[in-house]
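Each chain is listed here by its residues.
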Amino acid sequence: MKSEFDDQVIYDLCIIGSGPAGIITALEYSRLDPGKRVLLIEYGIKEQPVENDLDNSIQNTNPINHHDPYECTNKGLGGSSATWGGRCVMYDEVDFIDRPALSGGCTWDSALFDETKKYIPAAAAYFECGDPVFNLNDMPEFSETKIADNFREGVVTDSVVERWSMPTRFGTRYEKELAERENLTLLMGYEARDFSEPDESGNVSLLKVRNISTKNISEVSAKKFVLSAGTQETTRILLRNLQLFNSLQEVPPALGKYYQGHLSGKIASVVFKGEPKNIDYGFLRNADGSYMRRRFQFTSKYLVDNNLLNTAIWLDNPLYFDPVHKSGAMSFMYLAMITPILGKKLAPPAIAHSITKGEVKGVGKHILNIIKDFPGSLITPASIFYKRYCLKRKLPGVFLYSPKNNYALHFHSEQIPFEGNRMELGADGEKLIIHYELTDTDINSVIKLHDTLDKWLRECNCGELQYWFKEDELFDAIKKISKDGIHQSGTTRIADSSKEGVVDRDLRLWGTKNVFVCSSSVFPTSGQANPTFYLGVFAVRLANHLNKI
Ligand SMILES: Cc1cc2nc3c(=O)[nH]c(=O)nc-3n(C[C@H](O)[C@H](O)[C@H](O)COP(=O)(O)OP(=O)(O)OC[C@H]3O[C@@H](n4cnc5c(N)ncnc54)[C@H](O)[C@@H]3O)c2cc1C
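Counting of residues starts from 1 at the beginning of each chain's written sequence and follows it residue by residue. Given that this is a predicted model, residues contribute local features only at a pLDDT of at least 70 and side-chain atom pairs are listed and counted only at 80 or more, while totals for whole chains, interfaces and linings are drawn from all residues. Only heavy atoms go into the side-chain values, all of them from the structure, while hydrogens and water stay out.

**Here's the deal with the overall build of the chain**
When you go through the chain residue by residue, the secondary structure sums to 16 helices and 22 strands. Overall, the C-alpha framework of the chain stretches about 70 × 50 × 50 Å when taken along its three principal axes. Exposure classes here rest on a 1.4 Å probe applied to the protein chains alone. A residue is buried below 20% of its type maximum, exposed above 50%, and partly exposed in between. In the chain, which comprises 549 residues, the share counted as buried stands at 58%. Considering only intrachain contacts with a sequence separation of at least 6, the fraction spanning at least 24 residues in the chain is 76%. The protein chains shown are the only cover counted for residues, whose accessible areas, like all others here, come from Shrake-Rupley with a 1.4 Å probe. Surface accessibility of the chain: about 22300 Å² in total, with carbon and sulfur atoms responsible for 53%. This count recognises Lys and Arg as positive and Asp and Glu as negative, with His and chain-terminal groups excluded. Here the site of a charge means atom NZ of a Lys, CZ of an Arg, CG of an Asp or CD of a Glu. Considering the chain, the positive charge centre built from 63 side chains and the negative charge centre built from 70 side chains are found 4 Å apart. The secondary structure listing takes helices from DSSP runs of H or I that are at least 4 residues long and strands from runs of E that are at least 2 residues long, numbered from the N terminus. Whether two residues touch is decided by their heavy atoms; if any such pair falls within 4.5 Å, the residues are in contact.

Here it is as structure tokens:
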């Protein structure tokens, strides 16, 4: 690998952004044809400073439901995988089916979903998340198991699993492999700025890049470009480069719009009826040691028939900050998380917030819990600490057994593609303003699906839900607790025309022949899935496509 680019060279491929999407595209493409020259441009540098101009020029209009910029992404080799949780989740069939609730916003289809599936194994290898099987019914060793006594699958399922990568930090994990590719040049500390206008056949030949310390501008020549700068920066680059759409009658109206994340939080617990020891509350492991965990989901048919949004609900711990859980181990971990310097080392801010909710509450009662549960209140966290921070494949999370058969439920839910949720440039043409709201449709779907789960568990004689709020308080509770901004999608969506979307099914930017977008911003629907694994599938697919054209 080279680390200086040659402005006399016309690169076969120039990739902008070295997060999981950029790294997978670069490695896969350079592997497929070692004769092709690849330039990978990254804004961040090795010793990335705490502040940077990109994040400093983002305005978040809804700090209640959207994390601040520094909590949403990272700069540097590996991008936001530097702090990601490593959850690898697959999109579902229903995410490709239009439903009235989406108001025509499902601009991709099942044929595309089916076509992408052949790239899943290669993506899973990059993510190191084990066998790429996402349903326990397809794994002989688990197919006869269930989440709790008496549970049976119907409109609610318990067999879909999420998988975990190491978590794989793409920068440190693939730095050596990138360096060993002779046909690859990595350029760090440069910001991709301005593309040349497409020529008559739609080809873009030049990109201006700015050195982030000297501010000097250089020109990069390439035959093809891939924008993989993450959703917000990819969108900002395109909003600043509207000349890319000059051959179209108008700039794609969807550009920057239909921004989606996930609704996420807890409004209820489940109380199971059967034997507490039979509850499958924790992690399952494949023979290769990779972690999986089951979750409740709803069948595509049920969601389509009832016009509801795709949602996963998993068993969780009670709220850490509230000492009524009486668990010494949880109290100990909560106190560690709110300890100023230590807390920051244990988890990135967005994850820490999901645990502490930013509250410092009942310290005395937490200490009492620790004393009453001693020595378990220290032994359990110590064993978790070892598995979570000292092993190569890290324990992905902390889920504690409940002898009372009572578990909190965590929902993670699709948002509708709502035009008002958008990213746009400020008056200076540089600032990125993020508008993000939860719609009534989003929130009502979460409430309805909790009700469905409750009815189903009762029908199976398996258990029931206990709500944490009165019925008429649920809506406001969800509005208050749900916070995203780390799972960004929708703003450059795939569609079969530039009237509906920003890229075509090959991720080619409408209006150009050789500019591609590889980011979860191309996903028209958000489903229940954390987006990065399926983005990796698209990155492998794109590299294969680029190799053929
Ligand atoms: C705390 C946290 C936890 C998360 N947990 C999960 C999880 O468990 N599962 C999951 O699926 N997802 C998770 N995510 C989301 C996941 O990190 C992102 O979906 C993923 O990193 C996106 O990959 P990407 O390559 O598209 O973009 P990024 O990883 O954001 O990388 C983009 C890169 O482009 C660079 N760049 C930006 N602008 C420019 C420019 N103009 N010129 C040059 N370079 C540029 C950036 O510096 C960055 O390195 C989490 C995110 C956070 C913050």
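Picking up where we left off.
**Details of the site of the ligand**
Nearness here has a simple test: a residue counts as near a molecule or strand if at least one of its heavy atoms is within 4 Å of that partner. By nearness alone, 37 residues border the ligand, and Glu-42, Ser-80, Arg-87, Ala-192 and Thr-532 come closest of all. Contact between the ligand and Ser-80: an oxygen atom at 2.8 Å from a main-chain N or O atom of the residue. In the analysis that follows, any N or O atom pair within 3.5 Å is treated as a polar contact, provided that within protein one partner can donate a hydrogen and the other can accept it, and provided that, for residues neighboring in sequence, both atoms belong to side chains. In this structure, a nitrogen atom belonging to the ligand sits 3.0 Å away from a main-chain N or O atom of Gly-85. In isolation the ligand has 990 Å² of accessible area, and contact with the protein removes 97% of it. Those elements giving two or more residues to the shell around the ligand turn out to be helix H1 (20-32), strand S3 (38-42), helix H3 (69-72), strand S9 (190-195), helix H7 (230-240) and helix H16 (532-548). Here the residues of the shell around the ligand sort into 15 nonpolar, 16 polar and six charged. Asp, Glu, Lys and Arg are counted as charged, while Ala, Val, Leu, Ile, Met, Phe, Trp, Tyr, Cys and Pro are counted as nonpolar; the rest, among them Gly, fall into the polar class.

**Structural notes on the pairing of S3**
Among the five residues of S3, five are classified as buried, and the element is accordingly described as predominantly covered. Of the two faces of S3, the one holding Val-38, Leu-40 and Glu-42 and the one holding Leu-39 and Ile-41 are both buried throughout. As defined by bridge partners, strand S2 (residues 13-16) adjoins S3 across four bridges and the pair is classed as parallel. Residue pairing in the sheet places Leu-13 in a bridge with Val-38 of S3. Where the polypeptide runs from S2 across H1 and back to S3, its parallel neighbour, the crossover connection is right-handed. The criterion for strand pairing is that DSSP finds at least two bridges linking the strands in question. Look down the strands so they point away from you; if the path from the first strand over the helix to the second goes clockwise, the crossover is right-handed.

**Overview of the nonpolar core**
Of all hydrophobic cores here, the largest spans 126 residues; its most connected members are Trp-108, Leu-207, Phe-296, Phe-533 and Tyr-534. Ranked by residue count, the leading element in this core is H16, at 10 residues. Formed jointly, this core draws a minimum of three residues from each of two domains, domain 1 (10-127 + 168-259 + 488-548) and domain 2 (131-164 + 262-315 + 406-414 + 439-481). Core analysis: the next-biggest nonpolar cluster, separate from the first, contains 14 residues, Trp-164, Tyr-320, Phe-321 and Val-398 among them. By nonpolar core is meant a set of buried Ala, Val, Leu, Ile, Met, Phe, Trp, Tyr and Cys residues that side-chain atoms within 4.5 Å join together. The domain boundaries here were taken from an automatic or database domain assignment.

**Here we look at the pattern of salt bridges**
Salt bridge criterion: a side-chain nitrogen from Lys or Arg within 4 Å of a carboxyl oxygen from Asp or Glu. Within the structure shown, the criterion is met by 34 salt bridges. Close ionic contact of Lys-215 with Asp-53 constitutes a salt bridge, the shortest N to O distance being 3.2 Å. Residue Lys-215 is found in the loop between strand S10 (206-211) and strand S11 (217-222), and its partner Asp-53 is found in helix H2 (residues 53-56); the two are separated by 162 residues along the sequence. The closest approach of N and O atoms between Arg-294 and Asp-280, which form a salt bridge, is 2.9 Å. One end of the pair, Arg-294, is in strand S15 (residues 291-294); the other, Asp-280, is in the loop between strand S13 (263-272) and strand S14 (284-285), with 14 residues separating them in the sequence.

**What about the side chain of Thr-439?**
Checked against the element boundaries, Thr-439 lands in the loop between strand S20 (432-435) and helix H14 (440-459). The exposure class of Thr-439 is buried, given its relative accessible area of 12%. The residues contacting Thr-439, other than those within four sequence positions of it, are Ile-416 and Phe-418.

**Details of the packing of helix H9 (residues 328-338) against helix H12 (residues 363-373)**
Two elements in contact, H9 and H12, have axes whose closest approach is 7 Å; the angle formed by their N-to-C orientations is 135°. As the angle between them shows, H9 and H12 are arranged oblique. Read as a crossing pair, H9 and H12 show a hand that is left-handed. Residue-level inspection shows Gly-328, Ala-329, Ser-331, Phe-332, Tyr-334 and Leu-335 of H9 in contact with H12, the latter providing Val-363, His-366, Ile-367, Asn-369, Ile-370 and Asp-373. Grouping the constituent residues of the contact of H9 with H12 by class yields seven nonpolar, four polar and one charged. The angle between two axes is taken between their N-to-C directions and runs from 0 to 180 degrees, where each axis is a line fitted to C-alpha atoms and a helix contributes only its stretch in contact. Oblique is the label for any angle not covered by the other classes, which are roughly parallel (under 35 degrees), roughly antiparallel (over 145) and roughly perpendicular (65 to 115). Definitions for this section: a left-handed crossing has its near helix turned counterclockwise from the far helix by less than a right angle. A right-handed crossing has that turn clockwise.

**A few points about the domain arrangement of the chain**
Often, the extent of an interface is quoted as the loss of accessible area upon association of its parts. Taken domain by domain, the chain holds domain 1 (10-127 + 168-259 + 488-548), domain 2 (131-164 + 262-315 + 406-414 + 439-481) and domain 3 (318-398). Here domain 1 and domain 2 have C-alpha centroids that lie 31 Å from each other. Taken together, the contacts link 27 residues of domain 1 with 24 residues of domain 2. By buried area we mean the combined loss of accessible area, with a 1.4 Å probe, across both parts when two parts are placed together. For the pairing of domain 1 and domain 2, the buried interface totals around 2000 Å² over both sides, and the portion due to carbon and sulfur atoms is 55%. A per-residue breakdown of the area domain 1 buries against domain 2 is headed by Arg-87, Arg-99 and Gln-528, which together make up 30% of the total. For the interface between domain 1 and domain 2, the tally reads two salt bridges.

**A closer look at the packing of aromatic side chains**
What counts as a ring pair is set by centres within 6.5 Å for rings of Phe, Tyr and Trp (its six-membered ring), and what kind of pair is set by the plane angle: stacked under 30 degrees, edge-to-face over 60, tilted for all other angles. According to the stated counting rule, one finds 30 aromatic pairs in the structure shown. Grouped by ring-pair contacts, the aromatic residues Trp-84, Tyr-126, Phe-127, Phe-134, Phe-170, Tyr-174 and Phe-533 constitute a single cluster. Criterion for a charge above a ring: Arg CZ or Lys NZ at most 6 Å from the ring centre, at most 35 degrees from the ring normal. If you follow Arg-87 out to its NZ or CZ, it ends over the ring of Trp-314, 4.6 Å from the centre. Here the guanidinium or amino end of Arg-493 rests over the ring plane of Tyr-258, the centre of that ring lying 4.0 Å away.

**Focus on the sheet that holds strand S4 (residues 58-60)**
One key point about sheets: their strands pair by backbone hydrogen bonds, in either a parallel or an antiparallel sense. Taken together, three strands build an open sheet; the order of strands is S4-S20-S19 and the sheet is mixed. In this open sheet, the two strands that pair with only one neighbour each are S4 and strand S19 (422-425). Each adjacent strand pair in this sheet contributes to an overall mean axis angle of 20°, direction not counted. As judged from the four bridges shared by S19 and S20, these two strands associate in the antiparallel manner. For Arg-422, the partnering residue across the bridge sits in S20 and is His-435.

**Things to note about the packing of helix H5 (residues 120-127) against H16**
Running from amino to carboxyl end, H5 crosses H16 at an angle of 120°, the nearest separation of the two axes being 8 Å. Regarding the angle of H5 to H16, the classification is oblique. Regarding H5 and H16, the two cross each other, and that crossing is right-handed. Taking contact as the criterion, the partners of Ile-120, Ala-122, Ala-123, Ala-124, Tyr-126 and Phe-127 in H5 are, on H16, Thr-532, Phe-533, Gly-536, Val-537 and Val-540.

**A few points about a nonpolar patch on the surface**
A contiguous nonpolar patch, built from Val-360, Val-363, Ile-367, Leu-368 and Ile-371 and spanning about 460 Å² of accessible area, is present on the exposed surface. Summarising the element assignment, Ile-367 is placed in helix H12. Judged by relative accessible area, which is 41%, Ile-367 ranks as partly exposed. Exposure above 30% relative accessible area and the absence of a salt bridge qualify a residue for a patch, where like charges join within 9 Å and nonpolar side chains (Val, Leu, Ile, Met, Phe, Trp, Tyr) within 5 Å.

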